[in-house]
Amino acid sequence: MKLVCISDTHSMHRRIPDIPDGDVLIHAGDCLGAGTLEDVTDLNDWLGTLPHRHKIVIAGNHDWVFQEAPEHARELLTNAIYLEDRGIEIDGIRFWGAPWSPTFMDWAFMRDRGEAIDRYWQRIPYDTDVLITHGPPHGIGDEVDNGLRFESVGCEDLLKRVEQVKPQLHIYGHIHEGYGEYARWGTRFINASTCDERYRPVNPPMVVEVIPVPAGEAGQV
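Predicted model only: the values in this text are computed from it and were never measured.

**Student:** Any chance you could break down the pairing of strand 3 (residues 54-57) for me, citing the residues and the numbers?
**Tutor:** By the bridge criterion, four bridges tie strand 2 (residues 24-27) to strand 3 in an arrangement that is parallel. By the bridge assignment, L25 is partnered in strand 3 with K55. Running through helix 1 (residues 37-47), the crossover from strand 2 to the neighbouring parallel element strand 3 is right-handed. Bridge count between strand 3 and strand 4 (residues 81-82): two bridges; the pairing is parallel. When the sheet's bridge partners are listed, I56 is paired in strand 4 with I81.

**Student:** I'd like a rundown of the side chain of D142, residues and numbers included.
**Tutor:** One can find D142 in the loop between strand 9 (130-133) and strand 10 (143-145). For the buried D142, no salt bridge is present, and the opposite-charge side chain at shortest range is R113, 7.1 Å distant. Polar contacts involving the side chain of D142 include one to the main-chain amide nitrogen of G139, which spans 2.9 Å. Among the polar contacts listed, one links the side chain of D142 to the side chain of S152, at a separation of 3.3 Å. Leaving out residues up to four positions away in the same chain, D142 has contacts with P136, P137, E151, S152, V153, G154 and I175.

**Student:** Before we move on, can you summarise the packing of aromatic side chains with the specific residues and values?
**Tutor:** In the structure shown here, the tally under the stated rule is four aromatic pairs. Judged by centre distance (4.7 Å) and plane angle (15°), the ring pair of F66 and Y82 falls under stacked. Here F66, found in helix 2 (residues 65-68), pairs with Y82, found in strand 4; they are 16 residues apart in sequence, far enough to count as distant. In this pair, the class of F66 matches that of Y82, namely buried. Ring geometry for W185 and F189: centres 6.2 Å apart, planes at 70°, overall edge-to-face. Judged by relative accessible area, W185 falls into the partly exposed class, the value being 30%. You can call F189 buried: its relative accessible area is 0%. Joined through ring pairs, the aromatic side chains of W100, F109 and Y120 make up one cluster. Across the ring face of Y126, the terminal group of R161 is positioned such that the distance to the ring centre comes to 4.5 Å.

**Student:** Tell me about the environment of F104, and please be specific about residues and values.
**Tutor:** Here F104 is to be found in the loop between strand 7 (101-102) and strand 8 (110-111). In the structure, F104 is positioned 43 residues away from N61 in sequence and 9.5 Å away in space, judged by C-alpha atoms.

**Student:** Which residues make up the pattern of salt bridges, and what values go with them?
**Tutor:** By the definition in use, this model includes 10 salt bridges. Across the salt bridge formed by D91 and R53, the nearest N and O atoms sit 2.9 Å from each other. Of the two residues, D91 is situated in the loop between strand 5 (86-90) and strand 6 (93-98) and R53 in the loop between helix 1 and strand 3; the sequence distance between them amounts to 38 residues. Like R53, D91 is exposed. For D85, the salt bridge is made with R123, and the minimal N-O distance between the two is 3.8 Å. Of this pair, D85 sits in the loop between strand 4 and strand 5 while R123 sits in the loop between helix 4 (115-121) and strand 9, and the two are 38 residues apart along the sequence. Residue classification places D85 among the buried positions, given a relative accessible area of 14%. Taking the relative accessible area as the measure of exposure, R123 reaches 39% and is therefore partly exposed. Beyond isolated ion pairs, a larger network of salt bridges with shared partners links D23, R53 and D91.

**Student:** Kindly report on the layout of surface pockets, identifying the contributing residues and their values.
**Tutor:** A volume near 440 Å³ is recorded for the largest pocket. What lines the largest pocket is a set of 18 residues, among which F104, V144, V153, H174 and I175 lie closest to the centre. Taken together, the residues that form the lining of the largest pocket break down as nine nonpolar, five polar and four charged.

**Student:** Describe the pairing of strand 15 (residues 206-209), with residues and values.
**Tutor:** Side chains of strand 15 alternate between two faces, with M206 and V208 buried and V207 and E209 left unburied. In this structure, strand 1 (residues 2-6) lies alongside strand 15, joined through four bridges in antiparallel fashion. Looking at strand 15, one finds that V4 is bridged to V207.

Analysis parameters
- Residues numbered from 1 in each chain as written.
- Predicted model: local features only at pLDDT ≥ 70, side-chain atom pairs only at ≥ 80, totals over all residues.
- Heavy atoms only, no water.
- Pairing = 2+ DSSP bridges.
- Helix = DSSP H or I, 4+ residues; strand = E, 2+ residues; numbered from the N terminus.
- Right-handed = clockwise from strand over helix to strand, strands pointing away.
- Buried < 20%, exposed > 50% of the residue type's maximum accessible area, 1.4 Å probe, protein only.
- Lys, Arg positive; Asp, Glu negative; His and termini not counted.
- Salt bridge = Lys/Arg side-chain N within 4 Å of Asp/Glu carboxyl O.
- Polar contact = N/O pair within 3.5 Å; in protein donor to acceptor, adjacent residues only side chain to side chain.
- Contact = heavy atoms within 4.5 Å.
- Phe/Tyr/Trp six-rings, centres within 6.5 Å; stacked < 30°, edge-to-face > 60°.
- Lys NZ or Arg CZ within 6 Å of the ring centre and 35° of its normal.
- 1 Å grid on protein atoms, 1.4 Å probe; cavity = no way out; pocket = protein on both sides within 12 Å on 5 of 7 lines; lining within 4 Å.
- Points joined across faces, edges and corners; volume = space filled by probe spheres on them.
- Nonpolar A, V, L, I, M, F, W, Y, C, P; charged D, E, K, R; others polar.

As structure tokens, this is what we get:
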């Protein structure tokens with residue numbers, strides 16, 4: 001199965017120069033600009049023009065309407081599967097999506113580090129093949145320049161859960177500077193941020209392939 005991964009388009013999805021065809025298009029959050037219902041309508045119209053058989057979308061910290069008016073937002077998103085702390089199986093591949101990231105200022109879908117956010121990570125099933133979160137795990141594609149040095153700002157509790165579950169793929173965004181592919185524990189980590197640190201949609205979609213794995217062989221059972 002070919003996955004085409006994007007994230008952090010901030011309503012600039014129509015400016016992505018080339019989106020490869022594939023079986024599943026995955027958007028790992030911050031799909032909207034102002035986070036309004038009008039933004040969702042535009043995103044949905046654009047998704048409807050793409051050839052991928054399946055599209056999966058999760059929310060991010062800019063996607064306010066999915067937090068403040070979730071029923072209306074989901075009703076408008078007819079051309080994609082919306083995942084929020086839930087999963088779906090497509091052709092034998094098990095996907096799980098979650099929008100959370102550690103608290104930073106006052107944004108949507110944020111929880112304090114520790115127990116407050118970890119209770120969401122504990123919901124991730126052990127048989128997950130493809131994990132989609134908005135925020136990155138600690139130390140993997142999560143560095144930002146704080147003016148003095150580069151600092152890892154990803155979630156420690158998410159890192160621990162991914163180490164336990166060991167999905168084939170972990171796809172995320174949020175930290176634009178971390179765009180790229182990484183590997184650890186047999187898991188491929190994809191920071192698919194489309195926008196760079198200056199909010200320019202210049203990073204190309206990441207294309208990866210996965211194969212079904214019997215449930216008894218995936219992660220820890």
